[in-house]
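Coordinate inspection notes
Chain by chain, the residues run as shown.
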Amino acid sequence: MTERLVVIGGNAAGMSAASQARRRRGPDQLEIVAFERGHFTSYSSCGIPYWVGDLVDGPDRLVARDPRTFRDRFAVDIRLRHEVTGLDLDRREVVARPLDGGPETTMGFDQLVYAAGATPVRPQWTSDVDGVFGVQTLDDGTALRAWLADNKPETAVVIGGGYIGVEMAEALVRRGLVVTLVEQAPQPMSTVDPDMGALVAQAIRGLGIDVRTGVTVSGLETRDGRIAAVVTDSGPIQADVVVLGLGVRPNVDLARDSGMAVGAAGGVRTDKRMRAGDGVWAAGDCVESTHLVSGRPVYVPLGTHANKQGRVAGIDIGGGYATFPGVLGTAVTKVCDLEVGRTGLNEREATQAGFGYVTATVESTNRAGYFPGAVSMTVKLVAEQRSGRLLGAQIVGRAEAAKRIDALAVALWHGATVEEMTGFDLGYAPPYAPVWDPILIAARKAAEAV
């Protein structure tokens, strides 16, 4: 008898689950139907700012696998522009509404993957204002690029200084706009500590962006229904276009209403096999994970996690066995020529998790000082005070800096102490010999402070 798998969400997690299930069970064993709100499948949301800034062509360059590939190669019935509005786990049914018109569809299932992703944080005062954009999906990027081309704005305000916020600020500068970045925190990039965030702010200002930190946005001024200014506690800021970079929340309303458990971090709670119930699986930006350093539930929406979680769910649906143990929160980004990497816990997170800790910060260069192109790099380690166990790390620097965070993520994964790290046998060859020196020096400095 043929079973039916219904997938809610057609991006990284949902389609990874569908493709992995198909590799293990053919169409005569498993029918797969996927519902997706947008026009695209399996795309890179992280690449949208670089498309907006004309650094990459798009949107096709951002798509890993298009709907035709899933239909032809994987025999997956992709229903684009369909929003799932109802989910009944007892009756094993979903209700989907076509967004471009037509009757609703009620479909039964034997297995379900809930991969509904995240929804951008969008304050009520942004509703129904022309010229205000979130950048969460490829459709959002398409809408923003079309609006910029049609309206030729001169000034832009980006609200929020996280990854997307700073990347969008740079993208808009590249398009010739005068850009102001507004951030409520003392520094942008709150995923790193304020001292490291200050280095990011300095680089952003070097692009000509007006960075205003410690500023709270309370509303918008409009003219004929169109954005005119952003209202803040330090005065209005003129804006022809506004981009929101206020973060995202897990899209769990449908899951919660259907009876799935929602955890302390706000996402759907699953076991390590990504099960959220009997024949029900959840993966991607709608779920919470376990932090492998603190042991606490966390919400870390990243495409790398979504792909892994979807793959785990698909393998298990297909009859195999796979688990997703948790996350370290490792991430990198690039702002102009500045690279930022982080893994594990920063100081705020270590405090919240109840750790006593020490820190060590080292400034050096990415290459041997005598070699052309040597530029600055700052490495910061956070270590547990008594045991010396590495808790987290951050790197801010120029070329070839951020990916060095991978070595520190591996050390975290294996529970290394900073004392053990001082003996790591890392790559050594000119001109890159000193690249690892900041890591080893920082480890030695932290070990002395433990």
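Throughout what follows, the structure given in this document is the object of discussion. (Residues numbered from 1 in each chain as written. Predicted model: local features only at pLDDT ≥ 70, side-chain atom pairs only at ≥ 80, totals over all residues. Heavy atoms only, no water.)

On to the overall build of the protein. The secondary structure content of the protein amounts to 12 helices and 26 strands. Judged by the C-alpha coordinates and their principal axes, the protein covers about 65 × 55 × 40 Å. Counting across all 450 residues of the protein, residues that qualify as buried make up 52%. Where the 46 positive side-chain charges of the protein centre and where its 53 negative ones centre are 3 Å apart. (Helix = DSSP H or I, 4+ residues; strand = E, 2+ residues; numbered from the N terminus. Buried < 20%, exposed > 50% of the residue type's maximum accessible area, 1.4 Å probe, protein only. Lys, Arg positive; Asp, Glu negative; His and termini not counted. Charge placed at Lys NZ, Arg CZ, Asp CG, Glu CD.)

Attention shifts here to helix H4 (residues 138-151). Taking 1.5 Å per residue, 14 residues should reach 20 Å; H4 reaches 20 Å between its end C-alpha atoms and fits that length. Listing the buried residues of H4 in full gives Leu138, Gly141, Leu144, Trp147 and Leu148. Taken together, the buried residues of H4 touch helix H2 (48-52), strand E9 (132-134), helix H5 (163-174), strand E14 (226-232) and strand E16 (241-244). (Expected span 1.5 Å × (residues − 1). Contact = heavy atoms within 4.5 Å.)

Within the largest apolar cluster, 52 residues are counted, with the highest numbers of intra-cluster contacts made by Val76, Leu87, Val94, Leu112, Tyr114, Met260 and Val268. If you tally residues by element for this core, the top one is helix H1 (residues 12-24), at six residues. Discounting residues that sit within four places of it in the chain, Met260 has contacts with Leu87, Leu89, Leu112, Tyr114, Ala255, Val268, Ala276 and Val280. Listed in part, the 38 residues of the second largest apolar core include Val158, Val166, Val241 and Leu338. (Core = buried A, V, L, I, M, F, W, Y, C linked by side-chain atoms within 4.5 Å.)

By definition, the strands of a sheet pair up through backbone hydrogen bonds, in either a parallel or an antiparallel sense. Spatially, five strands are ordered E22-E23-E26-E25-E24 in an open sheet, and the strand pairing comes out antiparallel. The sheet is open, and its two edges are formed by strand E22 (331-335) and strand E24 (357-365), each paired on a single side. If you compare each strand with its neighbour and ignore which way they point, the axes differ by 10° on average. Its contacts with the sheet place helix H12 (residues 437-449) against E24 and strand E25 (376-384), and it is angled at close to 150° to E24. (Pairing = 2+ DSSP bridges. Axes fitted to C-alpha atoms, helices over the stretch in contact; angles between N-to-C directions.)

As a further point, take the packing of aromatic side chains. As enumerated under the stated definition, the model contains three aromatic pairs in all. Their ring planes at 40° and their centres at 5.8 Å tell us that Phe70 and Phe74 sit as a pair that is tilted. One end of the pair, Phe70, and the other, Phe74, are both in helix H3 (residues 67-74), four residues apart, so they sit about a helical turn from each other. Residue classification places Phe70 among the buried residues on the basis of a relative accessible area of 1%. Residue class for Phe74 comes out buried when judged on its relative accessible area of 5%. Aromatic pair Phe133 and Trp147: ring centres 5.7 Å apart, planes at 65°, arrangement edge-to-face. Of this pair, Phe133 sits in strand E9 while Trp147 sits in helix H4; the two residues are 14 residues apart in sequence, bridging distant segments of the chain. The buried category is assigned to Phe133, whose relative accessible area is 12%. (Phe/Tyr/Trp six-rings, centres within 6.5 Å; stacked < 30°, edge-to-face > 60°.)

Further remarks concern the sheet that holds strand E13 (residues 217-223). Strands sit in the order E13-E14-E15 across an open sheet of three strands; the sheet is antiparallel. With one partner strand each, in any of the chains shown, E13 and strand E15 (237-238) form the two edges of the open sheet. Relative to E14, E13 runs antiparallel, the two sharing six bridges. By the bridge assignment for E14, Gly219 is matched with Val231.

We now examine the side chain of Ser42. Tracing the backbone shows Ser42 in the loop between strand E2 (30-36) and H2. On the basis of relative accessibility, which here comes to 13%, the residue Ser42 falls in the buried class. For Ser42, the contacting residues outside a window of four places in its chain are Gly10, Asn11, Met15, Leu62, Val63, Ala64, Arg65 and Phe70.

To continue, consider a positive patch on the surface. Together, Arg23, Arg24, Arg73 and Arg311 make up a positively charged patch on the protein surface. For Arg311, a relative accessible area of 44% puts it in the partly exposed group. (Patch = residues over 30% accessible without salt bridge, like charges linked within 9 Å, V, L, I, M, F, W, Y side chains within 5 Å. Areas by Shrake-Rupley, 256 points an atom, 1.4 Å probe, with all protein chains shown as cover. Salt bridge = Lys/Arg side-chain N within 4 Å of Asp/Glu carboxyl O.)

Here we take up H1. With 13 residues, H1 ought to run about 18 Å at 1.5 Å a step, and its terminal C-alpha atoms sit 19 Å apart, in line with that. With respect to burial, H1 is a largely interior element, 11 of its 13 residues being buried. The complete set of buried residues in H1 reads Ala12, Ala13, Gly14, Met15, Ser16, Ala17, Ala18, Ser19, Gln20, Ala21 and Arg22. Summarising the contacts, the buried residues of H1 are in contact with strand E1 (3-8), E2, H3, strand E3 (76-80), strand E7 (111-114) and helix H8 (303-317).

With that settled, consider the pattern of salt bridges. What the rule picks out here adds up to 21 salt bridges. In this structure, a network of salt bridges that share partners links the residues Asp193, Asp195, Glu347 and Lys380.

This part covers the environment of Ala203. Examined against the element boundaries, Ala203 turns out to sit in helix H6 (residues 194-206). Relative accessible area serves as the criterion here: at 8%, Ala203 is assigned to the buried category. Separated by 169 residues in the primary sequence, Ala203 and Ala34 place their C-alpha atoms 42 Å from one another. Ala203 has contacts with Cys336, Leu338 and Arg398, leaving out every residue within four places of it along the chain.

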